[in-house]
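Architecture and fold: a report
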Amino acid sequence: MADRLSTGVEGLDKVIQGGFPRGTINLVSGPAGSGKTLLGLHFFHSGATVQGDNSMYLSLEEPKGNLDKVLSSFGMEMAPFESMGKLILLDLGELRFADKEAGSMLGFGELQDFLRSSLKKNDVERLVIDSLSAIGLHYRSMRDLREELFVFARFLHEANVTTLLITESLEEGGLTRWGFEQFVADSFIHLGMEETKGELRRTITVRKMRFTKHDTVKHPLRITQKGIVVEADERVV
Amino acid sequence: MKRAEFIEAARTLSSDHCLPILDCLRKRGWLIASDVAGDLGIHVSTATKDLNSLYECGLIERRKGQRKTRPAYEYGLKGDRIVLELDLDTAPADERDKVVAFYLEFLERLFVKAKRMGWQSVERAVVREFGSVDATFNDFVIRELNAARDSASESDLRAVFVRFMEKIKRAFISNFGQVATARMFEGAAKETMFAHPTAACGRHVLADLGVQSVG
């Protein structure tokens with residue numbers, strides 16, 4: 001069993017010694033359009049297609065049909081792996097109610113209840129949760145949110161699954177939606193959008209990764225017909 | 001007697017010739033259609049049709065007899081008294097149809113949710129639970145509910161539905177956990193109640209499913 005799980009993006013793997021360390025929690029943040037979901041889909045898809053891992057992608061806001069389209073538009077085949085149970089893409093938006101009295105959004109406790117059944121049942125080794133920002137809407141206070149996130153992170157560690165958590169960063173704000181998600185994660189990758197000469201340029205920076213020698217360089221990230229390309233040998237200046 | 005059978009028997013008995021035919025059979029014993037037609041002065045085809053209707057309703061008996069040149073059915077009374085009993089607890093047919101339509105729509109909505117949620121693993125669990133591999137689970141449930149439809153009161157249909165849902169719920173919980181299952185069931189039930197606001201079974205469905213608001 002490999003110690004590292006490929007992210008599905010060659011250039012990023014090169015920066016982090018081949019991939020995420022097995023069993024770790026990895027956080028990806030970035031503003032809208034920076035490529036967070038696509039990076040999550042690369043990690044998810046390459047699990048089954050490259051390393052033979054069972055992978056689960058939990059979407060809390062994006063309908064499954066849209067994600068299927070994204071996968072196919074970048075040439076990532078889904079159907080045969082889905083029918084074998086190697087790729088499991090779930091739309092947890094189905095569990096949201098229109099009436100707020102009943103609780104429109106899932107919280108970490110509910111997500112944990114769901115994962116307790118489904119991770120083991122499906123022998124899941126890779127998990128993507130897109131996104132933490134959606135779950136945060138469940139909580140009225142930051143304190144509750146932080147405590148629940150901490151408990152959830154412990155659960156993920158005990159479940160021995162390699163997780164990619166996706167969170168937003170606001171255009172004018174900090175690196176993450178609430179400012180503390182990065183403290184429960186073993187690694188933290190930030191995707192950026194920078195304006196240069198009237199054009200937005202995508203970037204990627206590995207800010208933290210336990211058990212890994214990595215640079216902290218801001219690398220260029222491009223989205224091509226085959227998906228994300230990270231220029232591991234280049235830096236944004 | 002079921003509602004539909006009662007209506008059919010009453011309609012048959014109230015036709016022009018059926019009571020005279022019964023009188024004729026009481027007087028003369030087992031007869032073939034042409035004997036009855038001759039006695040009552042009606043056409044043989046009319047006698048045949050009415051005798052057959054009385055037989056189909058279970059009001060008279062029939063046996064194969066032998067006349068000079070060919071075999072023919074003979075008809076006779078079951079006894080000297082005809083009693084029609086109606087069980088008023090049996091729901092009218094259109095009401096049963098509404099109940100079945102409600103439950104089927106609920107199941108359809110639930111399966112749509114489950115498919116979006118990653119149906120394939122649940123489907124395998126449900127098939128294991130029901131031991132049904134020869135048809136899709138949807139078809140299986142529809143067949144069972146339709147089989148219950150003809151003989152059931154509304155409460156019988158509810159019981160059939162609840163029995164199914166207990167098994168389905170077990171399969172869902174083992175894959176999705178308690179909370180996600182409750183949310184899916186409740187979401188599907190609420191959508192169905194919205195689509196069928198006048199269906200009486202909608203009042204009980206959440207209690208029958210054993211789900212409650214979560215979140």
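These lines cover the structure that appears in this document, whether it is placed above or below. Per chain, residues are indexed from 1 in the order of the written sequence. The naming scheme follows written order: chains are lettered A onward, ligands numbered 1 onward. Per-residue local features are limited, in this predicted model, to residues with pLDDT of at least 70; the limit for side-chain atom pairs, both in listing and counting, is 80 or more; totals at the level of whole chains, interfaces and linings are taken over all residues. Only hydrogens and water are removed before side-chain values are computed, so all heavy atoms of the structure are retained for them.

It is worth spelling out the overall build of chain B at this point. Helix numbering and strand numbering both begin at the N terminus, where a helix is a DSSP run of H or I of at least 4 residues and a strand a DSSP run of E of at least 2. The secondary structure content of chain B amounts to eight helices and two strands. Order of helices (α) and strands (β) in chain B, N terminus to C terminus: α-α-α-α-β-β-α-α-α-α. Burial here depends on accessible area, computed with a 1.4 Å probe over protein chains only, as a share of the maximum for the residue type. Under 20% is buried, over 50% is exposed, and the range in between is partly exposed. Within chain B, the proportion of its 215 residues that are buried is 41%. Taking as baseline every contact in chain B between residues at least 6 positions apart, the subset at least 24 positions apart corresponds to 67%. Surface accessibility follows the Shrake-Rupley procedure with a 1.4 Å probe radius. Residue values consider only the protein chains on display as shielding. Just so you have it, chain B exposes about 11500 Å², and 50% of that area is on carbon and sulfur atoms. Residue contacts follow a heavy-atom distance rule, with two residues in contact if any of their heavy atoms lie within 4.5 Å.

Over the atoms, a rolled probe matching the size of one water molecule traces out where space is still vacant. Residues and elements named next belong to chain A. Approximately 290 Å³ is the volume attributed to the largest pocket. For the lining of the largest pocket, the secondary structure elements donating two or more residues are helix 1 (10-15), helix 2 (36-49) and strand 11 (227-230). It is strand 11 that provides the largest number of residues to the lining of the largest pocket, a total of four residues. Buriedness for pockets is judged along seven lines, at least five of which must meet protein on both sides within 12 Å for an open set on the 1 Å grid over protein atoms alone, while cavities are sets there where a 1.4 Å probe fits but cannot get out, and lining residues have an atom within 4 Å of a point. Grid points are joined across faces, edges and corners, and a volume is the space filled by probe spheres set on the points.

This next bit is on the packing of helix 3 (residues 33-40) of chain B against helix 4 (residues 44-56) of chain B. Residue and element names in this part refer to chain B. Note on definitions: angles span 0 to 180 degrees between N-to-C directions of axes, and those axes are lines fitted to C-alpha atoms, for helices only across the stretch in contact. Relative to each other, helix 3 and helix 4 sit at 115°, their axes nearing to 8 Å. Seen along the crossing, helix 3 lies across helix 4 with a hand that is right-handed. Two secondary-structure elements touch here, helix 3 through Ala 33, Ser 34, Val 36 and Ala 37 and helix 4 through Val 44, Ala 47, Thr 48 and Leu 51. By residue class, the composition of the contact of helix 3 with helix 4 is six nonpolar, two polar and no charged. Take the far helix as the reference: if the near one is turned anticlockwise from it by less than a right angle, the crossing is left-handed, and if turned clockwise, right-handed. Here the nonpolar group is Ala, Val, Leu, Ile, Met, Phe, Trp, Tyr, Cys and Pro; Asp, Glu, Lys and Arg are the charged ones; every other residue, Gly included, is treated as polar.

Bringing the side chain of Thr12(B) into the picture now. All names here are of chain B. Within the secondary structure, Thr 12 sits in helix 1 (residues 3-13). By relative accessible area, which is 7% here, Thr 12 ends up buried. Residue contacts for Thr 12: discarding those within four places in its chain leaves Cys 18, Ser 53, Leu 54 and Cys 57.

The next thing to look at is the sheet that holds strand 9 (residues 199-209) of chain A. Residue and element names in this part refer to chain A. DSSP bridges decide pairing: two strands pair if at least two such bridges lie between them. The strand order across the open sheet formed by nine strands is 5-4-6-7-3-8-9-10-11, and the pairing between neighbours is mixed. In this open sheet, the two strands that pair with only one neighbour each are strand 5 (87-91) and strand 11. With strand direction ignored, the average angle separating the axes of adjacent strands in the sheet is 20°. Running at roughly 165° to strand 7 (residues 162-168), helix 2 makes contact with strand 3 (25-30), strand 4 (54-59), strand 5, strand 6 (124-130), strand 7, strand 8 (187-196), strand 10 (218-224) and strand 11 of the sheet. Sitting on the sheet, helix 5 (residues 108-121) is in contact with strand 4, strand 5 and strand 6, with an inclination near 155° to strand 4.

Moving on, we come to helix 2 (residues 18-28) of chain B. Residues and elements named next belong to chain B. The complete set of buried residues in helix 2 reads Cys 18, Ile 21, Leu 22, Cys 24 and Leu 25. Here the buried residues of helix 2 occupy an arc of 160° about the axis, which is enough to place them on one side. Exposed positions of helix 2 whose direction lies more than 90 degrees from the buried face are Arg 26 and Lys 27. At the C-terminal side of helix 2, Gly 29 shows a positive phi close to 80°. The arc in question is the one traced by the directions running from the helix axis out to the C-beta atoms.

The subject of this paragraph is the nonpolar core. Residue types Ala, Val, Leu, Ile, Met, Phe, Trp, Tyr and Cys, when buried and joined through side-chain atoms within 4.5 Å, form a set referred to as a nonpolar core. Counting residues in hydrophobic clusters, the biggest one holds 63 residues, and the most contacted among them are Met56(A), Leu58(A), Phe114(A), Leu115(A), Ile129(A) and Phe106(B). It is helix 7 (residues 154-195) of chain B that contributes the most residues to this core, twelve residues altogether. One finds Val15(A), Phe44(A), Leu191(A) and Val230(A) within the second-largest nonpolar core, a separate group that totals 34 residues.

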